[in-house]
Structure formats: C-alpha cells, structure tokens
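These are the residues of each chain, in order.
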Amino acid sequence: MLEKIKETVEFIQSKLEFNPEVGIILGTGLGGLTKEINIEFEIEYKDIPNFPVSTVEGHRGALIFGEFAGKKVIAMQGRFHYYEGYTMQETTFPVRVLKLLGIELLIVSNASGGINPDFSVGDIMVINDHINLFGTSPLIGKNISELGPRFPDMSEAYDKKLIAKALEIGNKLNIKLRKGIYAGVTGPTFETPAEYFYIRSTGADAVGMSTVPEVIVARHMNMTCFALSVITDSGVPGEIVEVSHEEVQEVASKAESKMALVIAELLKSI
Ligand code: HPA
C-alpha cells in the first residue's frame, strides 16, 4: 500500500505549486464550501492514480487546491464511504496521501443524525470524541510502521485547543455550536428507532456513516484533527420521522455557510 500512496503523492506533487498546510474533507451537502476557497486548480478523482471514485450523489469527486482563510488547503470534494463497498483502507487512502503531501491538520465535516435530545435539526456539532461502531478498523492488517505505530493512542483524537477555539468563535459570531460525541456506523440504512436508542446508550450525541475511519488513519499518522457535524435529522424517541438522503443533503447545505465561517475563523486564528 505504501508504494501506491507514494505513487499518488508523486503524481499530485508534479502538479502542485505550493506547500499544502490544511486538508479539508467535505461531507454530504457541504461540497459548496469550496465556493469560499480561492481555487488554484482541481483534479477529479478519476484522473488521480490509485484514487477510488465516489459513487454517492451529492459527493462530487475532486481534489480542490487553493487558498482558504490565508492557508494553503487541499479540499476533498466528495469522500469515500465503507458502505460503497470500498475496503476500510481504500476509504481512508486519500488521508494517507494528504499526510504525505505535508498536511498536518485535517478538518473533517459530515452530516449526522442527532440522538442527544437537546439537539435540533440544523444544529452544528463540534465533534469532541468518537465511538467506532463500524465493527472494523482501517488499521487492521500489517502495520505500516513508516506511517505510524501498531497501537495508536486515541486519548485526544480531536484537538482540544481547536475545539475550545471553535466554541469561542461560535460565541463571537453568534453561531450556535453544540459539542458532542460522534458514533460512526457502516450504514447505508439510516437507523431503526431501536438502533438510535442503542447508539444513544453508548454515550454518543450523533450518528453518521463516515469520519471515524478517516480520523483513525489521521491519528495513526499523528495528524491534528478537527471535525464538525451538521445534525440533519433526529434519532430522538418521539421525534423520529422518515428520512431521505435528499433531506439530509438539503439540511446540510443550509448549514454550509455557517460551517464555512467557523472553519475560516479557526484557520485565521492558527
Ligand atoms: N444516521 C446515520 N447517518 C446519518 C444520519 C443518520 O440519522 N443522518 C445523516 N447521516
């Protein structure tokens, strides 16, 4: 796998004219955040050697290179999900590539179901921890010791200083930010009421189908991680209604501009 990662990194480096500092993964309905990026160039996933190709609507597949809030960024417009049939290693391959391109800070966004009864649809949650309910891990298999340790520490998967800064920024900008634990599941079904209840009982505040594998791989390589989740539907007993991918996309895209503001201020502050 290391050979493949290096091959992809060399391909991108041959086109890259700056040293990237920040990687951003844009989740469901949040791809429009690229409007805020001063784009220098883009490469579609299908043109990148060894890159998987995104199969989900609302997830266009391209790497966007440019400047955002004064930082040189690479944004992933479209991510890879385990439920698409990729292996955990394929799902997280781009994160490996971002790290080898020199990126130390990974910003992740996603859409999720809210299971904390205090949360409302449309809220933005700063992820302060996660629970891996995928039943597997992208690190299963022979460890690539050049990339990280066999048994990575996860005591602070999401950077505490960045979380505190983001919450301050929310206060300052009058953007209501929640804070909570994200449980990652395989999907692709949304949960049954019994499953939402079960996931709530694990201690999670929101549930979604991404992010956890990416953050595990990022932490394996000692990248700093920060993540935001848009609560797009409710998994709280008594509030559960039928949900569709289209609704999830719609709610997420409404939160997009607020999320972009928080991320921009956060990047300016570091
Ligand atoms: N469950 C799982 N994933 C999700 C949800 C949900 O309710 N909403 C958006 N992604």
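Heads up: the structure comes first, above all this text.
Source: prediction; values computed, not measured.

S.K.: Whenever I open this one, the overall build of the protein confuses me. Can you help?
M.R.: For the protein, the count of helices and strands is six helices and nine strands. Scaling as 2.2 N^0.38, a compact globule of 270 residues should have a C-alpha radius of gyration of about 18 Å, and the protein matches this with 17 Å. The buried share among the 270 residues of the protein stands at 55%. Total accessible area computed for the protein in this model is approximately 11,700 Å², and 50% of it derives from carbon and sulfur atoms. Of the side chains in the protein, 25 bear a positive and 35 a negative charge, and the two mean positions are spaced by 6 Å.

S.K.: What's the story with unusual backbone geometry in this structure? I'm lost.
M.R.: Excluding glycine, a negative phi dihedral is what most residues carry, and trans is how most peptide bonds are arranged. Each neighbour pair has its own omega, and for glycine 187 with proline 188 the value is 0°, a cis peptide bond. Although it is not a glycine, asparagine 50 adopts a positive phi angle of roughly 75°. Tracing the backbone through its elements, the reader meets asparagine 50 in the loop between strand E2 (38–44) and strand E3 (62–68). Residue alanine 69 is not a glycine yet carries a positive backbone phi of 50°. Along the chain, alanine 69 falls in the loop between E3 and strand E4 (71–77).

S.K.: Explain the packing of aromatic side chains to me, please; I cannot follow it from the model alone.
M.R.: Any aromatic ring pair is given by two values, namely how distant the centres are and how the planes are angled relative to each other. The final tally for this structure, using the stated rule, is seven aromatic pairs. Look at tyrosine 45 and phenylalanine 80: their rings are 5.1 Å apart centre to centre, the planes differ by 45°, and that puts the pair in the tilted class. Of this pair, tyrosine 45 sits in the loop between E2 and E3 while phenylalanine 80 sits in the loop between E4 and helix H2 (88–100), placing them 35 residues apart in sequence. Each member of the pair, tyrosine 45 as well as phenylalanine 80, carries the same accessibility label: buried. Geometrically, the ring pair formed by phenylalanine 51 and phenylalanine 80 is edge-to-face, given 6.1 Å between the ring centres and 80° between the ring planes. One end of the pair, phenylalanine 51, is in the loop between E2 and E3; the other, phenylalanine 80, is in the loop between E4 and H2, with 29 residues separating them in the sequence.

S.K.: Where do I start with the side chain of glutamate 214 in this structure?
M.R.: Along the polypeptide, glutamate 214 turns up in helix H5 (residues 212–220). On the basis of relative accessible area, glutamate 214 is assigned to the buried category, the value being 2%. The contact partners of glutamate 214, leaving out residues within four places of it in the chain, are Ile25, Arg79, Phe80, Thr92, Val95, Leu106 and Val108.

S.K.: Explain the pattern of salt bridges to me, please; I cannot follow it from the model alone.
M.R.: A side chain of one charge can pair with a side chain of the opposite charge when the charged atoms of the two come close. As enumerated under the stated definition, the model contains 13 salt bridges in all. Between lysine 176 and aspartate 123 there is a salt bridge; the shortest N-O distance is 3.6 Å. Of this pair, lysine 176 sits in the loop between helix H3 (160–173) and strand E7 (177–184) while aspartate 123 sits in the loop between strand E5 (105–114) and strand E6 (124–132), and the two are 53 residues apart along the sequence. With a shortest N-O distance of 2.8 Å, arginine 178 and aspartate 123 are connected by a salt bridge.

S.K.: Can you help me understand the site of the ligand in this one?
M.R.: Around the ligand lies a shell formed by Ala111, Ser112, Gly113, Phe190, Glu191, Tyr196, Val207, Gly208, Met209, Thr232, Asp233 and Val248. Between the ligand and the protein, one listed contact pairs an oxygen atom with a side-chain N or O atom of tyrosine 196 at 2.6 Å. At 3.5 Å, a side-chain N or O of threonine 232 approaches a nitrogen atom of the ligand. More than half of the atoms belonging to the ligand lie within 2 Å of the grid points that define the largest pocket. Of all the elements in the fold, those that place two or more residues in the shell around the ligand are E5, strand E8 (206–208) and strand E9 (224–234). Here the shell around the ligand takes three residues from E5, the largest share from any one element. Residues that form the shell around the ligand fall into these classes: six nonpolar, four polar and two charged.

S.K.: What is the right way to read the layout of surface pockets from this model?
M.R.: Rolled over the atoms, a probe sized like a water molecule indicates the empty space that remains. By volume, the largest pocket amounts to about 300 Å³. The wall of the largest pocket is formed by 23 residues, among which Thr28, Phe190, Met209, His245 and Val248 lie closest to the centre. Sorting the residues of the lining of the largest pocket by element identifies E5, E8, E9 and helix H6 (245–268) as the ones contributing at least two each. At four residues, the largest contribution of residues to the lining of the largest pocket is made by E5. The residue inventory of the lining of the largest pocket, partitioned by class, reads ten nonpolar, ten polar and three charged.

S.K.: Can you walk me through the environment of alanine 227 in this structure?
M.R.: By the secondary structure assignment, alanine 227 is in strand E9. Judged by relative accessible area, alanine 227 falls into the buried class, the value being 1%. Put simply, alanine 227 and isoleucine 25 are 202 residues apart on the chain and 9.2 Å apart in space, counted from C-alpha to C-alpha. Alanine 227 has contacts with Val108, Met125, Val126, Ile127 and Tyr158, leaving out every residue within four places of it along the chain.

Reading guide: rules and limits
- Residues numbered from 1 in each chain as written.
- Predicted model: local features only at pLDDT ≥ 70, side-chain atom pairs only at ≥ 80, totals over all residues.
- Heavy atoms only, no water.
- Helix = DSSP H or I, 4+ residues; strand = E, 2+ residues; numbered from the N terminus.
- Rg over C-alpha atoms; globule rule 2.2 N^0.38 Å.
- Buried < 20%, exposed > 50% of the residue type's maximum accessible area, 1.4 Å probe, protein only.
- Areas by Shrake-Rupley, 256 points an atom, 1.4 Å probe, with all protein chains shown as cover.
- Lys, Arg positive; Asp, Glu negative; His and termini not counted.
- Charge placed at Lys NZ, Arg CZ, Asp CG, Glu CD.
- Phe/Tyr/Trp six-rings, centres within 6.5 Å; stacked < 30°, edge-to-face > 60°.
- Contact = heavy atoms within 4.5 Å.
- Salt bridge = Lys/Arg side-chain N within 4 Å of Asp/Glu carboxyl O.
- Near = heavy atom within 4 Å.
- Polar contact = N/O pair within 3.5 Å; in protein donor to acceptor, adjacent residues only side chain to side chain.
- 1 Å grid on protein atoms, 1.4 Å probe; cavity = no way out; pocket = protein on both sides within 12 Å on 5 of 7 lines; lining within 4 Å.
- Sits in = over half its atoms within 2 Å of the grid points.
- Nonpolar A, V, L, I, M, F, W, Y, C, P; charged D, E, K, R; others polar.
- Points joined across faces, edges and corners; volume = space filled by probe spheres on them.

These figures come from the coordinates and say nothing about function on their own.
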